[in-house]
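Per-entry structural report
Here's the letter readout for the chains.
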Amino acid sequence: MIESNERPLGRANVTLNVGGDDLGIPFLTKAMLDLWVHALQGPNPFLIVGRPGDDCRFIQTYRNAPDDYTLEHRDGIEADTVSTAVDAPAKVVELIWGWIRLQEAGR
């Protein structure tokens, strides 16, 4: 049985914004993240994942082309936003999921 402060394995409690829309989804799985990253297109091909209640820590990606992403993250109010180029959607998923897990470990 799962107690109220626990969550199922493979599920992260985050905020999610895709293309400028807060989806109101209170959690994310790696499979869901993979689907969203691969589907980024249109006039606002970006995805932002954040920590609930913390606007100063987030990771985001912008799809410039099918195999060209800009990935950025910020880890606190005093932190600079760090940016890098990524050449494959699977790498973007791995990096975002890794960031999510690091954030969870720091709670």
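Anything mentioned here points back to the structure above.
Attention in this report is confined to the structure presented alongside it. The numbers attached to residues start from 1 for each chain and follow its sequence in the written order. Since the coordinates come from a predicted model, pLDDT governs what is reported: local features require at least 70, and pairs of side-chain atoms require 80 or more to be given and counted, while whole-chain, interface and lining totals use all residues. The side-chain figures draw on all heavy atoms in the structure; neither hydrogens nor water molecules are used.

Two strands are counted as paired when DSSP detects at least two bridges linking them. Helix and strand assignments follow DSSP, with helices taken as H or I runs no shorter than four residues and strands as E runs no shorter than two, numbered in order from the N terminus. Where strand β6 (residues 54-65) lies against strand β7 (residues 68-75), eight bridges are found, and the strand directions are antiparallel. Its bridge partner being in β7, T61 is matched across the sheet by L71. Connecting the antiparallel pair β6 and β7 is a turn made up of two residues. Alignment of β7 against strand β8 (residues 82-86), held across five bridges, turns out to be antiparallel. Within β8, the residue paired with E72 across the bridge is S83. Hairpin remark: β7 followed by β8, antiparallel, with six residues in the connecting loop; positive phi at G76, about 140°.

In this section: the sheet that holds β8. Each strand in a sheet pairs with its neighbour through backbone hydrogen bonds, running either in the same direction (parallel) or in the opposite one (antiparallel). Overall, antiparallel pairing links the six strands, which are arranged β3-β2-β5-β6-β7-β8 in an open sheet. With partners counted over all chains shown, the strands left at the sheet margins are β3 (21-22) and β8, one partner each. When checking whether two residues touch, look at their non-hydrogen atoms; a contact exists if any pair is within 4.5 Å. Between the N-to-C directions of two axes lies an angle of 0 to 180 degrees, each axis being a line fitted to C-alpha atoms and, for a helix, fitted only over the stretch in contact. The strands touched by helix α2 (residues 89-105) are β5 (46-51), β6, β7 and β8; relative to β7, the strand with the most contacts, the crossing angle is about 10°.

By themselves, these observations are geometric and do not establish any function.
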